[in-house]
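# Structural overview for review
Residue strings, one per chain:
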Amino acid sequence: MADTFLCIDIGSGTQDVLLYSPDMEVENCPKFVLPAPARRIGEHIRQLTGKGRNIWLHGSNMGGGVSRAVRAHQQAGLAVAATRSAAYTMADDLAALEESGVRLDEQCPDGFAPVRLTDFDEAWWRRFFETAELDWPGSVAACAQDHGFHPGKSNRMGRFDLWRSLLTEGAGRPETLVWDTPPAMLTRLADLGRDIGGGPVADTGAAAVLGALYVDEIERHGRETGITLVNIGNSHLIAFLLFNGRIHGVYEQHTGCVDGPKLWADLAQFRQGRLSFERVFDEKGHGCLTLDLPAEAGGFGPTYVLGPRRSLLAGYDVTFPAPGGDMMLAGCFGLIKGLSLRD
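Residues numbered from 1 in each chain as written. Predicted model: local features only at pLDDT ≥ 70, side-chain atom pairs only at ≥ 80, totals over all residues. Heavy atoms only, no water.

### Let's talk about the environment of E219
Cut-off, in case you're wondering: Here a helix means four or more residues in a row that DSSP labels H or I, a strand means two or more in a row labelled E, and each is numbered from the N terminus. Any two residues whose heavy atoms approach within 4.5 Å are treated as being in contact.
Mapped onto the fold, E219 is located in helix α9 (residues 216-224). In this structure the C-alpha to C-alpha distance between E219 and F277, which are 58 residues apart in sequence, comes to 28 Å. In this view, E219 contacts L213, K337 and L341; residues no more than four positions away in its chain are not counted.

### Things to note about the sheet that holds strand β4 (residues 55-59)
Formally: Here a strand pair is declared whenever DSSP counts at least two bridges between the two strands. Fitted lines through C-alpha atoms give the axes, limited to the stretch in contact for helices. The angle between two N-to-C directions lies from 0 to 180 degrees.
An order of β6-β5-β4-β7 is seen for the four strands of this open sheet, with the pairing classed as parallel. Each end of this open sheet is capped by a strand with a single partner; those strands are β6 (102-104) and β7 (113-117). Strand-to-strand twist of the sheet, defined as the mean angle between neighbouring strand axes without regard to direction, takes the value 30°. As defined by bridge partners, β4 adjoins strand β5 (residues 80-82) across three bridges and the pair is classed as parallel.

### Regarding the side chain of D105
Within the element layout of this structure, D105 appears in the loop between β6 and β7. Setting aside chain neighbours within four positions, we find D105 in contact with W56, A82 and T83.

### What about unusual backbone geometry?
Definition in use: Relative accessibility thresholds used throughout: buried, under 20% of the residue-type maximum; exposed, over 50%; partly exposed, between the two (1.4 Å probe, protein chains only).
Of note, E133 is a non-glycine position whose phi angle comes to about 55°, a positive value. In this structure E133 comes out as exposed when scored by relative accessible area, which is 72%. Not every positive phi belongs to a glycine, and K284 is a case in point at roughly 75°. Its place among the elements puts K284 in the loop between α11 (277-282) and β14 (287-290).

### A closer look at the packing of helix α1 (residues 37-50) against helix α2 (residues 66-75)
This is how it is decided: Just so you know how the angles are binned, under 35 degrees is roughly parallel, over 145 roughly antiparallel, 65 to 115 roughly perpendicular, and the rest oblique. Each residue gets one of three labels, nonpolar for Ala, Val, Leu, Ile, Met, Phe, Trp, Tyr, Cys and Pro, charged for Asp, Glu, Lys and Arg, and polar for the others, Gly among them.
Where α1 contacts α2, the two axes come as close as 8 Å, and the packing angle between them is 10°. The orientation of α1 relative to α2 falls into the category roughly parallel. Taking contact as the criterion, the partners of A38, I41, G42, I45, R46, L48 and T49 in α1 are, on α2, V66, A69, V70 and H73. Taken together, the residues that form the contact of α1 with α2 break down as seven nonpolar, three polar and one charged.

### Let's talk about the state of the cysteines
Rules: In plain terms, two cysteine sulfur atoms within 2.5 Å form what is called a disulfide here.
According to the stated counting rule, one finds zero disulfides in the structure shown. Not part of a disulfide, C288 finds its nearest cysteine sulfur in C257, a span of 15 Å. For C288, a relative accessible area of 4% gives the class buried.

### Concerning the packing of aromatic side chains
Applicable threshold: Think of it this way: a Phe, Tyr or Trp ring, Trp meaning its six-membered ring, pairs with another when their centres are within 6.5 Å, and the plane angle makes it stacked under 30 degrees, edge-to-face over 60, tilted otherwise.
As enumerated under the stated definition, the model contains 12 aromatic pairs in all. Geometrically, the ring pair formed by W125 and F128 is edge-to-face, given 5.4 Å between the ring centres and 65° between the ring planes. Placement of the pair is W125 and F128 together in helix α5 (residues 122-132), with a separation of three residues, close to one helical turn. The same class applies to W125 and to F128, which are both buried. Seen in terms of ring centroids, Y251 and F270 are 5.9 Å apart; in terms of plane orientation they differ by 45°. Their pairing is tilted. Remark: F270 occurs in helix α10 (residues 260-271) and Y251 occurs in strand β13 (residues 246-254); sequence separation between them is 19 residues. The pair Y251 / F270 is uniform in exposure class, with both members buried. Here the aromatic residues F32, F120, W124, W125, F128, F129 and W136 are joined through ring pairs into a cluster of three or more.

Right, dumping it as structure tokens:
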């Protein structure tokens, strides 16, 4: 590992940031919770909408939250153009995107305001570090949710193929989902990896489970008996059944589709291997997959819950850990944990 790592967990609402140094107590490492890049760029688009400016999107495939601002821009009667790379932020099917009124153009049309899309703007971060009087890190690692590139196929179903591959081909080892080169279908993570300078990238779900394992007591508990790890994000939630360093089940749903009682009931069936992919998918989630659950795992009863919407399970028999002393940075600590397990 590099001497210092800038670790960034990019969500739909916030980007949670840790400047990690192995030579410093983790409590003293600089930490930030900042608005997500999609929120900042979306606000820029809304300002241009208010000024009546046509826009040209260029740069990278990034978080889809920008799409809402783009649609509102079109609904205001204003034109949108985009490079192919930026257009994938809004859709896999670029022909359908053109039919919706977005013009594909590799050069900025006359009179259009350029808007750069990226999950990591190095120039912005360098200004931030200079203002904070911090040295630039030795390397950057980042995680973000990537539905993947699945033209002609449901993004939810395509994304779940990632978890199926983890459980079968990847032997369920969460650290195998911290990539130097992500799978070809994960185009957002590929662009993110390029924009951060070739550093490691991961899906936010994998980073969250690794963040829980950053807590030594949780890692030991998961080797003694089966545990359930849940990360409830602003838009998505994901749960893993973990035993002896291996993931035995994955459940992923949209946070807005459940309340506390519904989620708790789903988790109960998930732990028993009785929650089907079809049921979760039909309820607008991504799906559920469990392997043959080992009896020695004891039913995966102990449940650890992370994420900004973790209060959905307040009052239930769960534990709310704080990896590294800060729950919001669980994904960042997960990147550190995953990298250490790979070494």
